[in-house]
Amino acid sequence: MHEMFRETQDMEIKTRAPGKIILSGEHAVVHGSTAVAASLDLFTYVSLSFPPHSDNDNTLKLQLKDMSLEFSWPISRIKEALPKSGSLTSLAPVSCSVESSKSIAALVEEQNIPEAKVGLASGVSAFLWLYTSIRGLKPATVVVTSELPLGSGLGSSAAFCVALTAALLAFTDSVSLDVSLRGWLSFGEKELELINKWAFEGEKIIHGKPSGIDNTVSTYGHMISFKSGKLTHMKSTVPLKMLITNTKVGRNTKALVTGVSERTLKHPDAMAFVFSAVDSISKELTTIIQSPAPDNLSVTEKEEKIEHLIDMNQGLLQCMGVCHATIETVLRTTVKYKLASKLTGAGGGGCVLTLLPTLLSRIIIDKVISELESSKFQCFLTGIGGKGVEICFGVSS
Ligand SMILES: Nc1ncnc2c1ncn2[C@@H]1O[C@H](COP(=O)(O)OP(=O)(O)O)[C@@H](O)[C@H]1O
Ligand SMILES: C[C@@](O)(CCOP(=O)(O)O)CC(=O)O
Ligand SMILES: [Mg+2]
């Protein structure tokens, strides 16, 4: 029988959850189309520890290490703003009500987030909702670090919600793992399902109307297709090496998703065709990516088809109004090398994906990267399709 994890003083746990790329179907997935996504080998880490009882420290602290920011709330203040915290009789995920979101907004406002970092307010709000719903009114210190650029289309919001939820649930009866094991450990199926559902509630606070694809791929990892809240695990038979270019133009997913919804309300018929075309593209992509290795299509032929689908998806994202001048610059640069690219995530700046075919020489890859970097963009060659959320016990004792 496994040794159960119970909170004790001086104990710390750490979780990590990956970011993601969307290979096809962003935005359209919010409107019911199929999308394909893969986890990224870049993570958000959350560590959770409790003050020693001798400390009499009755505060909840959130440290955002990369940004050198620390927020803290006396537990008594949280109790005053959110009196129902900790009263859940089950851990079934609950949406943040309008009333609670107003109280949370007041708690966030009191922290005086610097003007330049005001985008963090929604992340801090999601933190307060998830923390108080799952852990109630208990003091703790939560430290967050991330390898993901925030607000760039690589799913930092979902990775944050997934890693946070996993850490918080680790102290409940819903999670039973062998705490004597060391290193990164995976969760069981039921635990993943609960983490994913709670993380979706956090994403709702950050995105407004998320499809759920980002938290799902961050939770389960690997590669998935996703439609109307339902995931299908995929196994790729194509290497799929991707160059990710960050235009470094900041944007906000919530605003972009709202923009697409407004366009859909104004032009429902035209947009229905756009979303349906995206659905067909994603479905064709899932077939090509998973077609058995030695079949009648060579890897090069599959890559050519994938490139056509990337091109078409990018054109449709243009129709949705989520492009940006910097994205166009990346597209113009990579097309000179006959490479196909598309924006990934919400667009409006953020990141662009470029497929690097298997036979493309390292010399060409370096040339493309150096041309993109000379436009002040930042390029990554990161692995995709790795594991989802994981936990590590006994970080300190
Ligand atoms: N490590 C983090 N710490 C705090 N908030 C975070 C963190 N990562 C993401 N967020 C929240 O998510 C927002 C970015 O989410 P979003 O606009 O969806 O872009 P993306 O998910 O593509 O990075 C940030 O402005 C912040 O509110
Ligand atoms: C635009 C969308 O499809 C993906 C958003 O991803 P990101 O937050 O930009 O990483 C929204 C969603 O599916 O919830
Ligand atoms: Mg996001």
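Residues numbered from 1 in each chain as written. Chains lettered and ligands numbered in written order. Predicted model: local features only at pLDDT ≥ 70, side-chain atom pairs only at ≥ 80, totals over all residues. Heavy atoms only, no water.

**Q** I would appreciate a short explanation of the packing of aromatic side chains in the present structure.
**A** The way to describe two aromatic rings as a pair is by their centre distance and the angle between their planes. Tallied over the full model, the rule gives 6 aromatic pairs. Look at Phe 43 and Tyr 45: their rings are 6.2 Å apart centre to centre, the planes differ by 50°, and that puts the pair in the tilted class. For the pair Phe 43 and Tyr 45, a shared accessibility class is recorded, and that class is buried. An angle of 35° between the planes, with centres 6.4 Å apart, marks the rings of Phe 71 and Trp 73 as tilted. (Phe/Tyr/Trp six-rings, centres within 6.5 Å; stacked < 30°, edge-to-face > 60°. Buried < 20%, exposed > 50% of the residue type's maximum accessible area, 1.4 Å probe, protein only.)

**Q** Which parts of the structure should I look at to understand the pairing of strand E5 (residues 140–146)?
**A** Burial of E5 is extensive: 6 of the 7 residues sit out of reach of the surface. Summarising the sheet, strand E2 (residues 35–49) and E5 pair through 6 bridges and their orientation is antiparallel. Note on E5: the bridge partner recorded for Ser 49 is Thr 141. Pairing analysis gives 5 bridges linking strand E3 (residues 59–64) to E5, with the strands arranged parallel. Looking at the pairing, Leu 64 lines up with Val 144 of E5. (Helix = DSSP H or I, 4+ residues; strand = E, 2+ residues; numbered from the N terminus. Pairing = 2+ DSSP bridges.)

**Q** It is not clear to me how the site of ligand 2 should be interpreted in this structure. Could you clarify?
**A** Neighbouring residues of ligand 2: 19 residues in total, closest Lys 20, Ser 211, Arg 251, Thr 253 and Ala 346. Interatomic distance of 3.0 Å between a backbone N/O atom of Gly 155 and an oxygen atom of ligand 2. For ligand 2, the accessible surface in isolation is 380 Å², of which the surrounding protein chains cover 98%. A majority-of-atoms criterion places ligand 2 in the largest pocket. (Near = heavy atom within 4 Å. Polar contact = N/O pair within 3.5 Å; in protein donor to acceptor, adjacent residues only side chain to side chain. Areas by Shrake-Rupley, 256 points an atom, 1.4 Å probe, with all protein chains shown as cover. 1 Å grid on protein atoms, 1.4 Å probe; cavity = no way out; pocket = protein on both sides within 12 Å on 5 of 7 lines; lining within 4 Å. Sits in = over half its atoms within 2 Å of the grid points.)

**Q** Would you explain the site of ligand 1 in this entry?
**A** Taken together, 19 residues sit near ligand 1, with Gly 119, Gly 151, Gly 153, Ser 156 and His 207 positioned nearest. Between ligand 1 and Ser 122, the relevant distance is 3.1 Å, taken from an oxygen atom to a side-chain nitrogen or oxygen of the residue. In this structure, an oxygen atom belonging to ligand 1 sits 2.8 Å away from a main-chain N or O atom of Gly 153. Isolated, ligand 1 exposes 560 Å² of accessible area, and the fraction of that covered by the protein chains is 94%. The site holding ligand 1 turns out to be the largest pocket. Broken down by secondary-structure element, the contributors of at least two residues to the shell around ligand 1 are helix H3 (120–135), helix H4 (156–169) and helix H5 (189–207). Grouping the amino acids of the shell around ligand 1 by side-chain chemistry returns 7 nonpolar, 11 polar and 1 charged. (Nonpolar A, V, L, I, M, F, W, Y, C, P; charged D, E, K, R; others polar.)

**Q** What is the right way to look at the UniProt feature "domain: GHMP kinase N-terminal" (unreviewed entry) in the chain in this model?
**A** Per the UniProt record, "domain: GHMP kinase N-terminal" (unreviewed entry) is found at residues 136–221. Helix makes up 48% of residues 136–221 and strand 10%, whereas the separation of the span's terminal C-alpha atoms amounts to 29 Å. (UniProt positions renumbered as here; feature names shortened; annotations may be inferred.)

**Q** For this particular structure, what's the right way to read the pairing of E3?
**A** Across a regular strand the side chains alternate sides, sitting on one face of the sheet and then on the other. Burial analysis of E3 places 6 of its 6 residues in the buried class, which makes it a mostly covered element. What you see with E3 is no split at all: Thr 59, Lys 61 and Gln 63 on one side and Leu 60, Leu 62 and Leu 64 on the other are buried throughout. Examined bridge by bridge, E3 and strand E4 (residues 69–74) share 6 bridges and lie antiparallel to one another. By the bridge assignment for E4, Leu 62 is matched with Phe 71.

**Q** Looking at this structure, I do not really get the pattern of salt bridges. What am I missing?
**A** Pairing between side chains of opposite charge can happen when their charged atoms approach one another. Scanning the entire structure with this criterion turns up 13 salt bridges. Among the ionic pairs, Lys 61 bridges to Asp 57, the shortest N-O distance being 2.6 Å. The network of salt bridges with common partners includes Arg 16, Lys 387 and Glu 390. (Salt bridge = Lys/Arg side-chain N within 4 Å of Asp/Glu carboxyl O.)

**Q** Explanation requested: the packing of H3 against H5 in the structure shown.
**A** A pair of packed helices is captured by two measures, namely the crossing angle of their axes and the spacing between those axes. With their axes 8 Å apart at the nearest point, H3 and H5 run at an angle of 145° to one another. Note on packing geometry: the crossing formed by H3 with H5 is right-handed. Across the interface between the two elements, Ser 122, Gly 123, Ser 125, Ala 126, Trp 129, Leu 130, Ser 133 and Ile 134 of H3 pack against Trp 198, Glu 201, Gly 202, Ile 205 and Ile 206 of H5. Residue classes in the contact of H3 with H5 are distributed as 7 nonpolar, 5 polar and 1 charged. (Axes fitted to C-alpha atoms, helices over the stretch in contact; angles between N-to-C directions. Left-handed = near helix turned anticlockwise from the far one by under 90°. Contact = heavy atoms within 4.5 Å.)

**Q** Explain the state of the cysteines here, please?
**A** Joining two cysteines, a disulfide is a covalent bond between their sulfur atoms. Taken as a whole and judged by the stated rule, the model has 0 disulfides. Distance from the sulfur of Cys 161, which forms no disulfide, to the nearest cysteine sulfur (Cys 96) is 12 Å. No disulfide involves Cys 379; its nearest neighbouring cysteine sulfur is the one of Cys 351, lying 9.8 Å away. Looking at Cys 379, the relative accessible area reads 16%, which means it is buried. (Disulfide = S-S within 2.5 Å.)

**Q** Could you clarify how one ought to interpret the coordination of the magnesium ion (ligand 3) in this entry?
**A** Six octahedral donors around a metal ideally sit at 90 or 180 degrees from one another, while four tetrahedral donors ideally sit at 109.5 degrees. Here the magnesium ion (ligand 3) is held by Ser 157 (OG) and His 207 (NE2), and the distances to it run 2.2 to 2.3 Å. In this pair, Ser 157 is assigned in helix H4 and His 207 in helix H5, connecting sequence segments 50 residues apart. (Donors = N, O, S within 2.8 Å, 3.2 Å for Na, K, Ca; no water.)

**Q** In this structure, what is going on with the environment of Thr 141? I would like to understand it.
**A** Relative to the elements of secondary structure, Thr 141 occurs in strand E5. Excluding its chain neighbours within four sequence positions, the residues that come into contact with Thr 141 are Ser 47, Leu 48, Ser 49, Lys 61 and Gln 63.

**Q** Where do I start with the domain arrangement of the chain in this structure?
**A** Think of interface size as the accessible area that goes away when the parts come together; that is how it is often given. Under the domain assignment used here, the chain contains domain 1 (12–231 + 385–392) and domain 2 (236–380). Each of domain 1 and domain 2 was reduced to a C-alpha centroid, and the two centroids are 27 Å apart. Regarding the contact of domain 1 and domain 2, the summed buried area is about 2,400 Å², with carbon and sulfur atoms giving 66% of it. Here domain 1 is connected to domain 2 by 2 salt bridges. Between Lys 342 and Glu 26 there is a salt bridge whose closest N-O contact spans 2.9 Å. At the junction of domain 1 with domain 2, the criterion picks out 13 residue pairs in polar contact (both at pLDDT 80 or more). Within the residue set of the side of domain 1 that touches domain 2, elements represented by two or more residues are strand E1 (12–24), E2, H5 and strand E7 (223–227). (Domains from an automatic or database assignment. Buried area = accessible area lost by both parts, 1.4 Å probe.)

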